[in-house]
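Residue strings, one per chain:
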Amino acid sequence: LQELREQWKKFYEDHNLKQVADLLPQKITLTPAQIETLKQKVKEGYTRVILVPAGIENHLQALKENLTDGLGKDDQGKLVPTYLSDTVKPHFPNQIETTDLNRKNKPYLLLTKPNEPLFPGSKNKTADALIQELKAQGLSGLTLADYLIEERHHFDETGTHLIDGSKELTWLLSSKAGASRVLGAYWSPGDRRVRVLSYSSDDCDPHLGARS
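As the structure is a computational prediction, the values presented were derived from the model and not from experiment. (Residues numbered from 1 in each chain as written. Predicted model: local features only at pLDDT ≥ 70, side-chain atom pairs only at ≥ 80, totals over all residues. Heavy atoms only, no water.)

Notes on the side chain of histidine 15
The condition is simple: Only DSSP runs of H or I reaching four residues or more are called helices, and only runs of E reaching two or more are called strands; each is numbered from the N terminus. Contacts are assigned to residue pairs with any non-hydrogen atoms lying within 4.5 Å of each other.
With respect to the helices and strands, histidine 15 occurs in the loop between α1 (2–14) and α2 (18–21). In this structure, histidine 15 is in contact with Asn66, Leu67, Arg152 and Asp156, ignoring residues within four places of it in sequence.

Quick look at the packing of helix α4 (residues 60–68) against helix α6 (residues 144–158)
To keep things clear, this is the line we draw: A fitted line through C-alpha atoms represents every axis, and for helices the fit uses only the stretch in contact; the resulting angles, taken between N-to-C directions, go from 0 to 180 degrees. What sets the label is the angle itself: under 35 degrees gives roughly parallel, over 145 gives roughly antiparallel, 65 to 115 gives roughly perpendicular, and the rest give oblique. Put simply, a crossing is left-handed when the front helix is turned counterclockwise from the back one by less than a right angle, and right-handed when it is turned clockwise.
With their axes 9 Å apart at the nearest point, α4 and α6 run at an angle of 20° to one another. With respect to their mutual orientation, α4 and α6 come out roughly parallel. Considering how the two elements wind past one another, α4 and α6 form a crossing that is left-handed. Where α4 abuts α6, its residues Leu60, Leu63, Lys64, Asn66, Leu67 and Thr68 lie against Leu144, Ala145, Leu148, Ile149, Glu151 and Arg152.

Quick word on helix α3 (residues 32–43)
Note the cut-off: Multiplying 1.5 Å by the helix residue count minus one yields the expected span of that helix.
Helix length check: α3 (12 residues) gives 17 Å between terminal C-alpha atoms against 16 Å at 1.5 Å per residue, within 8%. Of the residues flanking the end of α3, it is glycine 45, one or two places downstream, whose phi is positive at about 105°.

Focus: the side chain of serine 174
How we decide: In this scheme, a residue with accessible area under 20% of its type's maximum is buried, one over 50% is exposed, and one in between is partly exposed, where area comes from a 1.4 Å probe on protein chains only.
Looking at the secondary structure, you find serine 174 in strand β7 (residues 169–177). Look at serine 174 and you get buried, because its relative accessible area is 4%. Excluding residues within four positions of it along the chain, serine 174 makes contact with Glu97, Thr98, Thr99, Asp100, Arg103, Ser140, Gly141, Leu142 and Thr143.

Considering the pattern of salt bridges
The criterion, for reference: Here a salt bridge means any side-chain nitrogen of Lys or Arg lying within 4 Å of a carboxyl oxygen belonging to Asp or Glu.
Applying the stated criterion to the full structure yields 20 salt bridges. Between aspartate 22 and lysine 18 there is a salt bridge, with the nearest N and O atoms lying 3.0 Å from each other. Overall, aspartate 22 belongs to the partly exposed group, its relative accessible area being 47%. Connected via shared salt-bridge partners are Arg48, Glu150, Glu157 and Arg211.

This is the structure in structure tokens:
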């Protein structure tokens with residue numbers, strides 16, 4: 001756990017996010033029940049572990065600027081900024097709400113499956129349905145902060161993008177913009193940038209699923 005802390009401290013500092021690195025807990029302790037959960041999830045393939053500090057939702061602007069802005073270049077070689085849709089822009093960054101109370105204003109370990117962009121069978125389902133389906137299995141979806149961090153980490157590690165929008169999109173089931181719209185995100189190969197949008201929670205699409 002201490003090695004994990006040092007790994008993520010370096011990641012945040014290397015990406016000009018010292019203010020985020022400084023928020024990491026000095027010591028990570030887990031209860032016996034949490035350790036058993038960790039072991040079980042690793043057996044299920046959740047082998048990517050990300051350390052997220054408390055209050056990360058207050059640093060969305062810095063995460064966007066330092067992690068996903070400029071991941072791609074246009075035909076003139078200029079860095080392309082992250083796209084925020086017209087339904088996201090008025091709420092970003094201060095009115096993007098983390099809806100998972102287990103993560104809001106708390107440090108946490110985020111476990112995901114590196115090689116599984118979307119949870120099997122999650123496409124063409126509403127956010128409302130997926131939240132309940134994942135919850136029944138002890139799972140949940142990403143927040144916007146989670147997505148921005150994991151997208152950059154995945155790109156640094158593999159040279160590829162987390163969710164390729166030419167094939168699929170992901171709900172960010174644990175983040176919403178305004179009163180009810182649930183966020184979604186993907187890498188857009190056409191314009192070479194991350195795109196963040198929002199949808200009504202009862203929308204569904206053949207390409208839209210959820211990362212667990």
